[in-house]
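Below, each chain spelled out in residue letters.
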Amino acid sequence: MKHIDIKNIFTDKEYIGQSVTVCGWVRTARNSKTMAFIALNDGTSLNHLQIVIDKSADISFEDALHLGTSLKVIGKVVEDQHGSVEINAEEITVLGTCPGEYPLQKKRHTLEFLRTMPHLRGRTNTFNAVLRVRSIMAEAIHQYFQDRNFVYVNTPLITGSDCEGAGEMFQVTTIGYSTDYKNDEEYYADDFFGRRAGLSVSGQLEGEVAAMAMGKIYTFGPSFRAENSNTPKHLAEFWHVEPEIAFAELPDIIEEAESMVKYVIRTVLDTCQEEMKFFDAHFEKGLIARLEELISHEFGVCDYTEAIRILKESGEDFQYPVEWGCDLQTEHERYISEKVFKKAVFVTNYPKDIKSFYMKQNPDGKTVAAVDLLVPGVGEIIGGSEREADYDKLVAAMNDRNMNLDLYSDYLDLRKFGSVPHGGFGLGFERLIMYVTGVSNIRDVILYPRTVGSIR
Ligand code: 4AD
């Protein structure tokens, strides 16, 4: 169907005075004595295009005034009184009617209400803006890494190893429940892959394989976590950006993470001005200024041990008690970034017992070269580390955790054959979108959220 994107009607002045065809869904409609007006949106722009119908002209439009109706409109582009453009309709074709039971009748619906209709909420201003910002951010991430000689690799989604070793994996099986098997081993042996398999929680281990050949790589794909976390920042299926860098130590990883986050935010501020103004007006007053401020300063860096000291001396009444060795909870992360540093902060060198087996062991014997990036309002958006590159130390860390070394033979080989210092990080894409848009629930920054107890 030949037609012009509504976005282009707004941006290309060359259409003024011309007769064009546009398509879209009716967002609002007004019917007066002599004229009728339709606000049409085709998803290419946050702005609706006004279609003006002169009732004295011979245009059939009665069915076209219902909210949600899809239309094809032929008409002349003219300037309106506000310096923008509208269309004087010449011909209107209803592509799909929309009855009164269409649920999006009000100007503003709550996000909770919209969550009950993921198939329709894309037609609201909020999701129009979220999905476009998301798309621009995805492109910016690719651009950032491609410009810097990183190779985009696709790591497997079905895996035989649990990367984080935390047992949060969804099982992949073709065999239903059966009491015929005597034990797990027998059951898995009979299954599709001949052993236990699951959906990957992270592409990191395979990402390391690629980095040990290509030097600098990144992945950008879904990761799956079967964790029972019913919070505003956890999804069972989230999009994960995982760069892995050879010949790099912890400070190099931190530098790359800061530079990438700043690049993505700069791109959104420059490219999505309408959308960002919308979020600033409706979701978080001062959002644009906050982001400008964030990218104009160096992020803070704080050792975990120092963070614990700050938290203990804060006098705050935290729900989760703070002791050296504990994992930082969201309330702690937010206190550090919002109250103490008042900006984004990298927390480094966590106790080895609360982090994964693959992290480089520090000389103190107690901590590992881990890093999390905490941002005000959201908490952790990035987790990463320098990796243990020493074969013997890695094996010892895996044995301490009673891991089955046979499942990790490829990974261990990397430490046998030309091992190099290397590291990387994982960015939770939706968490960064939350931070950039001011939308406070992760369920509202992805088309179809998957969370514990909810799938559609
Ligand atoms: O800290 P995580 O678990 O680190 C890893 O997976 C490493 N393998 C990454 C690496 O070094 N390549 O996860 C990384 C990030 C978190 O900081 C968070 O932003 C996001 O992934 N994340 C989630 N986002 C949404 N829902 C969940 N359930 C998430 N779990 C982690």
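No experiment lies behind these values; they were computed from the predicted model shown.

S.K.: Hey, could you run me through unusual backbone geometry in this one?
M.R.: Leaving glycine out, the prevailing phi sign among residues is negative, and the prevailing peptide bond configuration is trans. Non-glycine residue phenylalanine 247 carries a positive phi angle of around 60 degrees. Inspection of the secondary structure puts phenylalanine 247 in the loop between strand E10 (237-246) and helix H6 (250-271). A positive phi angle, near 55 degrees, is found at asparagine 402, a position not held by glycine. Position of asparagine 402 relative to the elements: it lies in the loop between helix H11 (391-400) and helix H12 (409-416). Given the relative accessible area of 72%, asparagine 402 is considered exposed.

S.K.: Which parts of the structure should I look at to understand the pattern of salt bridges?
M.R.: Should the charged atoms of two oppositely charged side chains come close, the side chains can pair. For the coordinates displayed, the defined rule picks out 19 salt bridges. Residues arginine 387 and glutamate 244 are paired through a salt bridge, measuring 2.8 Å at the closest nitrogen-oxygen approach. Here arginine 387 is found in the loop between strand E14 (379-386) and H11, whereas its partner glutamate 244 is found in strand E10, with 143 residues between them in sequence. It is possible to trace a salt-bridge network through shared partners that takes in Glu208, Glu244, Arg387 and Arg415.

S.K.: Explain the packing of aromatic side chains here, please?
M.R.: Working definition: an aromatic ring pair is given by the centre-to-centre distance plus the angle between the planes. Scanning all chains against the criterion turns up 20 aromatic pairs. Aromatic side chains tyrosine 181 and tyrosine 187 sit 5.5 Å apart centroid to centroid with 75 degrees between the ring planes, which places their arrangement in the edge-to-face category. For tyrosine 181, a relative accessible area of 22% puts it in the partly exposed group. Summarising the aromatic geometry, the rings of phenylalanine 192 and phenylalanine 193 are spaced 4.9 Å apart at their centres and angled 75 degrees between planes, so their arrangement reads as edge-to-face. Given the relative accessible area of 60%, phenylalanine 192 is considered exposed. Chaining the aromatic ring pairs together yields one cluster made of Tyr144, Phe145, Phe150, Tyr152, Tyr218 and Tyr263. Of note, lysine 355 hangs over the ring of tyrosine 350, and the distance from its end group to the ring centre comes to 4.2 Å. Directly above the aromatic system of tryptophan 324 lies the positively charged group of lysine 366, at a separation of 5.2 Å from the ring centroid.

Calculation rules
Residues numbered from 1 in each chain as written. Predicted model: local features only at pLDDT ≥ 70, side-chain atom pairs only at ≥ 80, totals over all residues. Heavy atoms only, no water. Helix = DSSP H or I, 4+ residues; strand = E, 2+ residues; numbered from the N terminus. Buried < 20%, exposed > 50% of the residue type's maximum accessible area, 1.4 Å probe, protein only. Salt bridge = Lys/Arg side-chain N within 4 Å of Asp/Glu carboxyl O. Phe/Tyr/Trp six-rings, centres within 6.5 Å; stacked < 30°, edge-to-face > 60°. Lys NZ or Arg CZ within 6 Å of the ring centre and 35° of its normal.

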